[in-house]
Amino acid sequence: MQPPFVAVEIDAPVATVTLSRPEARNALSPGGIAELMGALGALDEDDRVRAVVLTGGPKVFAAGADIAEMVTRTPADQLAIERGPRWQPLLRFTKPLIAAVNGYALGGGCELAMMCDMIIAGDGARFGQPEVNLGILPGAGGTQRWPRTAGKYVAMEANLTGDLVDAERAYQLGIANRVVPAAETVATAQELARRIAAKPPIAVRLIKEAVNAAYETTLTAGLAGERRSFHLLFATDDQTEGMRAFLDKRPPHFKGM
Ligand code: DAK
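Residues numbered from 1 in each chain as written. Predicted model: local features only at pLDDT ≥ 70, side-chain atom pairs only at ≥ 80, totals over all residues. Heavy atoms only, no water.

(A) Expanded view of the sheet that holds strand S5 (residues 104-106). Strand order in the open sheet formed by three strands is S5-S7-S8, with mixed pairing between adjacent strands. Looking at strand neighbours, the two that pair on one side only are S5 and strand S8 (165-166), the edges of this open sheet. Relative to strand S7 (residues 126-128), S5 runs parallel, the two sharing three bridges. Across the sheet, the residue bridging to Leu 106 is Gly 128, located in S7. (Pairing = 2+ DSSP bridges. Helix = DSSP H or I, 4+ residues; strand = E, 2+ residues; numbered from the N terminus.)

Here you go:
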């Protein structure tokens, strides 16, 4: 039996999910991805958890899909693997999800980081889409999320050359929220998660939805969605509490209602 690929630690309201296959640079096998998606699905349902950090630990985030498993795959195998939820629990995840990236985030590993809501990069982090060197192309968003974040020309170079981008450059390109010493990456992400977890959860959820919609829709439709969510939040106790607390000059106590 394979050892678990994913370790979950809950220190409510923050959960930390750690990929745990460093000897293979956290290469993502179909079983490993399923395990990760199962863990995220459970955390989305868990009321104790309000924000999640995803990391590969101190040395490597993830070196992409497992090449040893892919080398002999046929198109039919690939289609079979893509039955089922695949990345959906991550793409539908309703809570803030912060990638804490140390070392390599390559191929599917880079795409995994880019599917998260924020990225904290350790100073030795390196991002890239080296699939072209294997005779394939990115299969989980590398050709789509790079241009939306870093622009067409940078995306073309990264995807066509497979060259890696270091943490500082990733920060300049908007791929990383900040760069911190590698030993502080996970703690920085957890601290950020904890600060967001203290905010009113319904507002947090709707803000995440609204920002994500900006990548999927027109400005007019995005603004209409934002306005509907704005109206909806006036039906929450936390809106009354947030505004009352401000006027009373006291800290708010949000209940998630
Ligand atoms: N797969 C399998 N094994 C890997 C691996 C990977 N991606 N990356 C590393 N390993 C293994 C190595 O084979 C080695 O195993 P042993 O020889 O010890 O048994 C061990 O990890 C250590 O690797 P290195 O000796 O190479 O370690 P270094 O620190 O020197 O180098 C490295 C680390 C990450 C720079 C290097 O290992 C490397 O370049 N790895 C490959 C990176 C890469 O090409 N990644 C892209 C993979 S393709 C899809 C969705 C997504 C995808 C595809 C489809 N659909 C939804 C359709 C994604 C595709 C990819 O990610």
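Okay, back to it.
(B) Seen up close, the pattern of salt bridges. The tally for this structure, following the rule as stated, stands at eight salt bridges. When the shortest N-O distance is used, the salt bridge between Asp 66 and Arg 21 registers 3.0 Å. On the criterion of sequence distance, the pair formed by Asp 66 in the loop between strand S3 (51-55) and helix H2 (67-70) and Arg 21 in the loop between strand S2 (14-19) and helix H1 (30-45) is long-range, its members being 45 residues apart. Its salt-bridge partner being Arg 250, residue Asp 248 comes within 3.6 Å of it at the nearest N-O pair. On the basis of relative accessibility, which here comes to 46%, the residue Asp 248 falls in the partly exposed class. Residue classification places Arg 250 among the partly exposed residues on the basis of a relative accessible area of 33%. Among the ionic contacts, a cluster of salt bridges with common partners joins Glu 241, Asp 248 and Arg 250. (Salt bridge = Lys/Arg side-chain N within 4 Å of Asp/Glu carboxyl O. Buried < 20%, exposed > 50% of the residue type's maximum accessible area, 1.4 Å probe, protein only.)

(C) Quick peek at the environment of Pro 30. When you line up the elements, Pro 30 lands in helix H1. Ignoring any residue separated from it by four or fewer positions in sequence, one finds Pro 30 in contact with Glu 69, Arg 73, Ile 81 and Arg 86. (Contact = heavy atoms within 4.5 Å.)

(D) Representation of the sheet that holds strand S1 (residues 6-11) within the structure. Pairing within the open sheet is mixed, and its six strands lie in the order S1-S2-S3-S4-S6-S9. Edge positions in the sheet fall to S1 and strand S9 (178-180), since each has one partner strand and no second. Taking the axes of each pair of neighbouring strands and ignoring which way they run, one obtains an average angle of 20 degrees across the sheet. Across four bridges, the pairing between strand S4 (residues 97-101) and strand S6 (residues 118-122) is parallel. Note that in S6 the partner of Ala 100 across the bridge is Ile 120. (Axes fitted to C-alpha atoms, helices over the stretch in contact; angles between N-to-C directions.)

(E) Looking closely at the site of the ligand. Ala 63, Ala 65, Ile 67, Glu 82 and Gly 108 are the nearest of the 24 residues found near the ligand. In this structure, an oxygen atom belonging to the ligand sits 3.4 Å away from a main-chain N or O atom of Glu 23. A distance of 2.8 Å is found between an oxygen atom of the ligand and a backbone nitrogen or oxygen belonging to Ala 65. Within the complex, the protein chains bury 63% of what would otherwise be the 1,100 Å² of accessible surface of the ligand. Per-class residue counts for the shell around the ligand are 12 nonpolar, five polar and seven charged. (Near = heavy atom within 4 Å. Polar contact = N/O pair within 3.5 Å; in protein donor to acceptor, adjacent residues only side chain to side chain. Areas by Shrake-Rupley, 256 points an atom, 1.4 Å probe, with all protein chains shown as cover. Nonpolar A, V, L, I, M, F, W, Y, C, P; charged D, E, K, R; others polar.)

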